[in-house]
Amino acid sequence: RSRAAATKARASLLPRSWPQHAMKASYTNVETEEKEELVRSEGEPDDRRETSTSSTCWSQLCCAGGGLLGIRACILGSVVVQNTAYALVRRYSRGALRETYSTSSVLLVMEVAKMALSAFQIVTSDAPSDVPSGSALSKYAYLITHSLTMLVPAVVYLAMNILGFVSLKYIDAATFAILAQMKVFTTAIFSVVLLQRKLHLRKWRALLTLTLGVVLISHEAMPKSAATGDSRAKLAFAEFLLGIAASVGDVVLSGFVSIYFEKVLKSKTETYSVWDRNFQLAFWSILIYTPIMIHDNPRQPFAGWTPMAAVCAAVGGTGGVLVALSIKYADSIMKTIATTGAIVFTTILNAAFLDGPFTLPIVAGAVVVMVSVCNYNDRGDPES
């Protein structure tokens, strides 16, 4: 009894920050020792029992940490691949092949696939949710009747996707990927305006260098012969400006919807899983995209579809899920690595396969943008 009491006392001295399952493991070992004392006249030495107890606790802690790290690593790799592939396949489809399929038809297929995946996960997942237990249809009906908050991001994502397709028709994928990092700037502005956050001076300096890097790359990618009076050169310059304008609109909307979606996912008044929110978002998106697709081509909504259009839909469909998962599980360091990795791969692959620019100013501007993103997400300043 004295040895069991001593062991129980040692278990009570475990750090309060240990997870509950680790504490439970310690007490479970204490109960086991008490039973062994009753059935055995000679127990094993105290030091061996202490080592066994500690090993059990630490192994459970490591397994729990490793599982979370594995999830984050998978999300990180998936985001890098998806961001890179989505920019490249849209550029190849619209810019190189000049395919004429309806953008809304691609977006509709993306949302149908996302809704089907989310519907499956809602039934099989055990994530915390306010959705009442019951049949699958009853869960879907509850989510739809409580999905009004997702109408706003559905409309914003529609505009963003259309602007993205327009932009990649007129500017190369590398320039688009780097311009897209201005969403860090717009997100910061909206976080200050809508969430009343205060940014450290270091973050404002990072936003300034980010903007300068984007300006450098945009100037380098700009058609240089527009001032010669050639009509083709002027048309190319006008198309370039249209692509830049579409990209700017994309990043402004991206900053707004990121803050909005963050507030919705991390709401304290209601609890919904990532799959619940994606189901609701897909529902509203389908309602919006369907009439637009029919308006574009009433008789043949899927006219002009090619295998590349299907690839665009498949790659884009995973993006919405990854955005929600990254907000839920990934920290700012993971997001920074994913962002910079996507810039590097997009720039290299765009130059290798799509004849994109790969000059010294482009490389220098890309490095400036990546360093700026890293500096912005640096947590060295005090939390405010």
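Residues numbered from 1 in each chain as written. Predicted model: local features only at pLDDT ≥ 70, side-chain atom pairs only at ≥ 80, totals over all residues. Heavy atoms only, no water.

1. Things to note about the overall build of the protein chain
Item 1. Summing up its helical and strand segments, the protein chain has 14 helices and zero strands in all.
Item 2. Secondary structure of the protein chain in N-to-C order comes out as α-α-α-α-α-α-α-α-α-α-α-α-α-α.
Item 3. For the protein chain, buried positions account for 42% of its 384 residues.
Item 4. Pairs at least 24 apart in sequence give 83% of the contacts found in the protein chain among residues at least 6 apart.
Item 5. As presented, the protein chain carries roughly 20,200 Å² of accessible surface, and 65% of it is formed by carbon and sulfur atoms. (Helix = DSSP H or I, 4+ residues; strand = E, 2+ residues; numbered from the N terminus. Buried < 20%, exposed > 50% of the residue type's maximum accessible area, 1.4 Å probe, protein only. Contact = heavy atoms within 4.5 Å. Areas by Shrake-Rupley, 256 points an atom, 1.4 Å probe, with all protein chains shown as cover.)

2. A short note on the packing of aromatic side chains
Item 1. In this structure the tally under the stated criterion is five aromatic pairs.
Item 2. Considering the side-chain rings of Y140 and F279, the 5.2 Å spacing of their centres and the 20° angle between planes classify their relative orientation as stacked. Taken together, the positions of Y140 in helix 5 (residues 136–145) and F279 in helix 11 (residues 274–296) put the pair 139 residues apart, joining distant regions of the chain.
Item 3. Classification of Y140 as buried rests on a relative accessible area of 18%.
Item 4. When the centroid spacing of 5.8 Å and the interplanar angle of 70° are considered together, the rings of F190 and F256 count as edge-to-face. (Phe/Tyr/Trp six-rings, centres within 6.5 Å; stacked < 30°, edge-to-face > 60°.)

3. Digging into the packing of helix 8 (residues 183–195) against helix 9 (residues 201–221)
Item 1. One way to put it is that helix 8 packs onto helix 9 with a least axis distance of 10 Å and a crossing angle of 145°. The interaxial crossing formed by helix 8 with helix 9 has left-handed handedness. Between helix 8, through V184, F185, A188, I189 and V192, and helix 9, the contact on the second element is made entirely by W204, L207, L210 and T211.
Item 2. Its residues placed into classes, the contact of helix 8 with helix 9 shows eight nonpolar, one polar and no charged. (Axes fitted to C-alpha atoms, helices over the stretch in contact; angles between N-to-C directions. Left-handed = near helix turned anticlockwise from the far one by under 90°. Nonpolar A, V, L, I, M, F, W, Y, C, P; charged D, E, K, R; others polar.)

4. Examining the pattern of salt bridges
Item 1. For the structure on display, the rule yields one salt bridge.
Item 2. E111 is the partner of K114 in a salt bridge, and the nearest nitrogen-oxygen pair spans 3.2 Å. A residue pair is termed a helical-turn pair when its members lie 3 or 4 positions apart in one helix, as K114 and E111 do in helix 4 (residues 103–124) at three residues. (Salt bridge = Lys/Arg side-chain N within 4 Å of Asp/Glu carboxyl O.)

5. What to know about a nonpolar patch on the surface
Item 1. Taken together, the side chains of V344, I348, F358, V363, V367 and V371 present a nonpolar region at the surface, about 460 Å² in accessible area.
Item 2. Elements represented by at least two residues in the nonpolar patch include exactly helix 13 (332–353) and helix 14 (360–376).
Item 3. Take the nonpolar patch: its biggest share by element is three residues, from helix 14.
Item 4. Residue position: V363 is located in helix 14.
Item 5. Looking at V363, the relative accessible area reads 32%, which means it is partly exposed. (Patch = residues over 30% accessible without salt bridge, like charges linked within 9 Å, V, L, I, M, F, W, Y side chains within 5 Å.)

6. Here's the deal with the side chain of S102
Item 1. By the element assignment, S102 lies in the loop between helix 3 (46–96) and helix 4.
Item 2. One polar contact links S102 to D296, side chain to side chain, over a distance of 3.0 Å.
Item 3. The residues touching S102, leaving out its near neighbours within four places in the chain, are R94, D296, P301 and A303. (Polar contact = N/O pair within 3.5 Å; in protein donor to acceptor, adjacent residues only side chain to side chain.)

7. Some remarks on unusual backbone geometry
Item 1. We note that R98 has phi near 55°; this positive angle belongs to a residue other than glycine.
Item 2. Assignment of secondary structure puts R98 in the loop between helix 3 and helix 4.
Item 3. Its identity as a non-glycine residue notwithstanding, Q196 has a phi of 55°, on the positive side.
Item 4. By the secondary structure assignment, Q196 is in the loop between helix 8 and helix 9.

8. Observations concerning helix 9
Item 1. Between its first and last C-alpha atoms helix 9 spans 31 Å; for 21 residues at 1.5 Å apiece the expected length is 30 Å, and the two agree.
Item 2. For helix 9, the set of buried residues is K203, A206, L207, L210, G213, V214, I217 and S218. One side of helix 9 carries all its buried residues, which in axial view fall inside an arc of 130°. Residues of helix 9 that are exposed and angled more than 90 degrees away from the buried face: L201, L208, L212 and V215. (Expected span 1.5 Å × (residues − 1). Arc of directions from axis to C-beta.)

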